[in-house]
Amino acid sequence: MLEQIKKYLRIDKFPHIWCYGCGDGIILQAFVRAIASLGLSQDEVVVVSGIGCSSRAVGYLDFDTLHTAHGRALPFATGIKMAKPELTVTIVAGDGDIFAIGGNHFIHAARRNIDITVVLFNNATYGMTGGQYSPTTRQDDIATTAPYGHIERPFDICGLAKAAGATFVARSSSYHAMALPKLISQGISHHGFSLVEVITGCHVCYGKLNDLSDPVKVLEWQRDHVVNIKQYEALSSKDKEDKMPMGILHQVTRPEYIDEYRKVLERAKT
Amino acid sequence: MLLKDNQTKASFVQGNTACAQAALDAGVRFFAGYPITPSSEIAEILSRKLPMLGGKFIQMEDEIASMGAILGASLTGKKVLTSTSGPGFSLKQELIGFASLCEIPCVIVNVQRGGPSTGLPTSPAQGDVMQSRWGTHGDHPIIVLSPSTVKETYDLTVRAFNLTESLRVPVILLSDEITGHIHEKIEFPDKNKLKLLSRPKAVKNPGKKYLPFAVSKPEEVPRVANFGEGFRFNVTGLLHNDDGFPMNLPEKNEFLLTRLHKKITSRIRELCTFVSIYLNDSETIIFSYGSTSRSCFQAAKIARSKGSKVGAISIKTLWPFPDFLIQELASCVKRVVVCEMNMGQIVHEVQRASDGRFKIEKVNSISGSMITPGEILDKIL
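Here is a short report on the structure shown in this document. Along each chain, residue indices are assigned from 1 in the same order as the chain's sequence is written. Labels are handed out in written order, letters beginning with A for the chains and numbers beginning with 1 for the ligands. For this predicted model, a pLDDT threshold of at least 70 governs which residues receive local features, and a threshold of 80 or more governs which side-chain atom pairs are given and counted, while totals over whole chains, interfaces and linings are taken from all residues. Heavy atoms from the whole structure form the basis of all side-chain values; hydrogens and water molecules are not counted.

With that settled, consider the overall build of chain A. Each helix is a run of H or I in the DSSP string that is no shorter than four residues. Each strand is a run of E no shorter than two, and both are numbered from the N terminus. When helices and strands are tallied, chain A shows eleven helices and ten strands. The C-alpha atoms of chain A give a radius of gyration of 18 Å, which matches the 18 Å a tight globule of 270 residues would have. C-alpha atoms of chain A, sized along the principal axes, occupy 65 × 45 × 35 Å. Type-normalised accessible area, obtained with a 1.4 Å probe on protein chains alone, sets the label of each residue: buried when under 20%, exposed when over 50%, and partly exposed for intermediate values. Burial status across chain A gives 58% buried among its 270 residues. Within chain A, residue pairs in contact and separated by at least 24 positions form 68% of the contacts whose partners lie at least 6 positions apart. Of the roughly 11,200 Å² of accessible surface on chain A, a fraction of 55% belongs to carbon and sulfur atoms. A distance of 4 Å separates the average location of the 28 positive side-chain charges in chain A from that of its 28 negative side-chain charges. Our radius of gyration looks at C-alpha atoms and nothing else; its globule reference is 2.2 Å times the residue count to the power 0.38. Any pair of residues with heavy atoms lying within 4.5 Å of one another is described as a contacting pair. Shrake-Rupley sampling with a 1.4 Å probe provides the accessible areas, and residues are treated as covered by the protein chains on show and by no other component. In this charge count, Lys and Arg are treated as positive and Asp and Glu as negative; neither His nor the chain ends contribute. We put the charge of a Lys on NZ, of an Arg on CZ, of an Asp on CG and of a Glu on CD.

As C-alpha cells, then:
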C-alpha cells in the first residue's frame, strides 16, 4: 500500500511543517489513501486549500495544487470546477478557514450542491497563529484570546452543512485513522457537495491551555467523544451532549450545480 | 443591444455594453460577479451571452468570492472577467494581490461611483485612482486603463485582455458612471480581425522538473501551465520559488518581487498610451483621464477658438504612470491643469514627474457631477 500511495506525495517536500504528534499527517495519509482507492489519476485531481496548518497539506500532494488566501478555497475551487468540470476538485482546510473567514463561501457552495469535496481538519483552534478561539472551540475552553474561558457556542459543522444544502455529510476523527480513507473516498465519489469533517487536535497551542498537551491524550479524547452513529443514537439525550456521531450522517441525491449549468448551456443554444 | 456574429454595423450603446461586447470578442469565457450599480449591466449581458458561446457565468455570494472564482477559472486557462464599483472594488483587493503575486491573468472592471463607503451609487467620480494602484497590501505590479468614451471602452477592454494574458499581470479597467452609462454611436470592429494575445505556453521537458515560475531574463513572463494539463504544480500566495513552493530567503524574496515589477517597468512605453490635441505649440495643457477628458478636450477647443495656446492630453494608461510623457512636456509647456473628479489624485503623480519644471493647477469635482468645460475655462483663461 505504501508504494501505491507514495506516488501521490511530493516526497522531496518532506519533512512537513506540522508539530510532532499533530493529527494533520494522519488526515493527509487518509486523503491520499482515499485517492488511491478510487484509482484516480494525479492529473485529474486538483487540491485547493486556504490558510492555516492544515492548508499547508497541498504542498505535499502531487497534483495540481492551489494554496489560496485565508478562507477563499471554495471560491477558487468553484471557478476551477465550473471552468473544467472533468477535474475532481477537493479542498483540504481548517475550521477557522472554512467556517469563520470563509463561512459565507461554505454555505453558498453547499447550497449550490457543486461537486466539490471538502475535507475539514477541525482542531477547534487557530494553531498556526498560536491558539486563538475558532468557530468550533468548545464553550468554557481556554484560548489565547479567551483567557477567562470561551463564552461562545461552537458550530455543529455537520448540522450546518446539512442545513445549507450539502448532499453528503460525514464525520470522523484522526483517532479513527483506519476508517477515515473510506469516508473520504465516499465523499469524493458522491456526486454533489460533500463535507467530511475530521475531528483532530492541536496539542501544542490548544492542548497546553486545556490539559491536552499530550498528543496521546488528544487522540484518547477523540476516541471517547467521537462515536459510531449507531452507538450515538442509542445514547440518552444527556449522554449525547458531549458526544459527536461518526460516519455518514446525511446523504441525499439532489441536482448538482455543474449538471444544472449544462442545461443552461443547452437552453442558451436555442 | 449586442452584436450578432460578424456584424460590424454602427450601434448606439452604453459604455458597459461596449465593455461586455469587447470582452466576448477578446475571448472571455468565464465571468463571476456580484450585483452593484453602476456596473451591473456588464454582468447581466454576460449572463445571457456567455452560455451561448459555451462560456460560464456565475453570480457569487460576494465580491471576494467573485474574484476567487475568476482566478480559479483562469488557472485552468480561461480568459476571465469580473466587474464592480467602489464598494465591491474594496472587497476585491485581497485577491487582486493574490493574482499579482501568483501571476494569474484577469481583468477587473471598476465602473467608479462617488465614495467613500456606499457613497453615491449612481453618480460619477474618479476617487479610486490611488486604490486601483495601491488597494491591495504589499508592493505589487498592476496595470490600470481608463476609457473616456464608449469606443475607447471597447478598445481598452480588448487591450486589457491582451495585456493580462501576455504579461500575466492583473489589469483593471477603471471606467466611471459617465463612461459606463453614456450612450454613443460606435462601429464595432470585426472581431475576427482583432489582434489577440495569449499566455506564453508551458512546455513539457521530459526528464526535467517543471518550473512554472522560471524565467531566463528578469523581465520575461513565466510559462505557467494550466491546471488539468498534467504539469502538476503548486500555486501559493506565499512568496515562492520558481518551482511554485513557499520560500523565505532574502535574496530570492527580493528577486521575485523585482521580477514581478520588471514585467511592467521594462515595458513602460508600450504600456502607456494617451491621446492629445494641439500639443505642438501649447503653453497650457489640460491633463485628464476617463470621462473628465470629454470636458477637457471641449475646453481646449473653445480656448483655441479664443486664440489661447491651450492643448489637452487624456492618458489611457493610469498605471504605470507615464513619467516620460510629463518629462517631455516639461521642455515645451508652461502650465499643466490637472482635471479629475476627486480631491486630487493623479495630480500628485504629475507633480512628482514634472519635478517643478512647469506650473501645476487643479480643477476638481467631488459633488457627483462632472467637471464642465466652463469650469476649466474659468481656471485657465
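More follows now that the structure is in view.
Backbone-to-backbone hydrogen bonds pair the strands of a sheet. The strands run either parallel or antiparallel. Residues and elements named next belong to chain B. When DSSP finds two or more bridges between two strands, those strands count as paired. With mixed pairing, the five strands of this open sheet are ordered in space as β10-β12-β11-β14-β15. Two strands bound the open sheet, and with one partner strand each, they are β10 (274–277) and β15 (359–364). The average angle at which neighbouring strand axes cross in this sheet is 20 degrees, direction not considered. Relative to strand β14 (residues 335–340), strand β11 (residues 284–288) is paired through four bridges, and the arrangement is parallel. Paired with Ile-286 across the strands is Val-337, a residue of β14. Strand contacts of helix α10 (residues 292–305): β10, β11, β12 (310–315) and β14, with the helix running at about 165 degrees to β12, the strand carrying the most contacts. To obtain each axis, a line is fitted to C-alpha atoms, and for helices this fit is confined to the stretch in contact; angles are then taken between N-to-C directions over 0 to 180 degrees.

Attention now moves to the pairing of strand β4 (residues 116–122) of chain A. Residue and element names in this part refer to chain A. Buried residues dominate β4, accounting for seven of its seven residues. Of the two faces of β4, the one holding Ile-116, Val-118, Leu-120 and Asn-122 and the one holding Thr-117, Val-119 and Phe-121 are both buried throughout. Pairing geometry for strand β3 (residues 88–94) and β4, over six bridges, is parallel. Within β4, the position partnered with Gly-94 by the bridge is Phe-121. Looking at chain direction, β4 and strand β8 (residues 194–199) are connected through six bridges and run parallel. Bridging across to β8, Phe-121 finds its partner in Val-198.

Let's shift gears to helix α4 (residues 86–102) of chain B. Residue and element names in this part refer to chain B. If you check α4, its first and last C-alpha atoms are 24 Å apart, about what 17 residues at 1.5 Å a residue would give, namely 24 Å. A residue's bend is given by the angle between axes fitted to the 7 residues ending at it and the 7 residues starting at it. At Gln-93, α4 is deflected by roughly 45 degrees, the largest bend along its length. Of all 17 residues making up α4, 13 are buried, and the element is well covered by its neighbours. After α4 finishes, the residue Glu-103 shows a positive phi value of roughly 55 degrees. Take the number of residues in a helix, subtract one, and multiply by 1.5 Å to get its expected span.

By nonpolar core is meant a set of buried Ala, Val, Leu, Ile, Met, Phe, Trp, Tyr and Cys residues that side-chain atoms within 4.5 Å join together. Counting residues in each nonpolar core, the largest one holds 123 residues, and the members touching the most others are Val-48, Ile-91 and Phe-193 of chain A together with Leu-71, Leu-81 and Phe-287 of chain B. Segment limits for the domains were obtained from an automatic or database-derived domain assignment. Formed jointly, this core draws a minimum of three residues from each of two domains, domain 1 (10–188) and domain 2 (273–380) of chain B. In contact with Leu-71 of chain B, other than residues within four places in its own chain, are Phe-76 of chain A together with Leu-95, Phe-98, Ala-99, Ile-104 and Cys-106 of chain B. In this structure, Phe-31, Val-47, Ala-170 and Leu-180 of chain A belong to the second largest nonpolar core, which totals 31 residues.

For the rest of this paragraph, the subject is the pattern of salt bridges. The working definition used for a salt bridge is a side-chain nitrogen of Lys or Arg within 4 Å of a carboxyl oxygen of Asp or Glu. Counted according to the given criterion, the structure contains 32 salt bridges over all chains. Where Glu-184 of chain B meets Arg-294 of chain B, a salt bridge forms, and the shortest distance between an N and an O atom there is 2.7 Å. Pair noted here: Glu-184 of chain B is in strand β8 (residues 183–187) and Arg-294 of chain B is in helix α10, with a separation of 110 residues, a long-range link. On the basis of relative accessibility, which here comes to 25%, the residue Arg-294 of chain B falls in the partly exposed class. Bridged by salt links that share partners, the residues Arg-10, Asp-43 and Asp-62 of chain A together with Arg-232 of chain B form one connected network.

Two rings from Phe, Tyr or Trp (for Trp, the six-membered ring) form a pair when their centres sit within 6.5 Å of each other. Planes less than 30 degrees apart are called stacked, planes more than 60 degrees apart edge-to-face, and all others tilted. Per the counting criterion, the structure on display carries 15 aromatic pairs over all chains. Pairing Phe-99 of chain A with Phe-106 of chain A gives two aromatic rings, centres 4.5 Å apart and planes at 50 degrees, and the pair type is tilted. Between Phe-31 of chain B and Phe-57 of chain B the ring centres are 5.5 Å apart and the planes differ by 0 degrees, which places this aromatic pair in the stacked class. You can see Phe-31 of chain B sitting in strand β2 (residues 28–33) and its partner Phe-57 of chain B sitting in strand β3 (residues 56–59), a full 26 residues away along the chain.

Here the focus is the sheet that holds strand β4 (residues 79–84) of chain B. Residues and elements named next belong to chain B. If you trace the seven strands from one edge of the open sheet to the other, you get β3-β2-β4-β5-β7-β6-β13, paired in mixed fashion. Strands with a single pairing partner mark the edges of an open sheet, and in this sheet they are β3 and β13 (317–319). Taken over all neighbouring pairs, the strand axes of this sheet differ in orientation by 25 degrees on average, direction set aside.

Geometric values such as these leave the question of function open.
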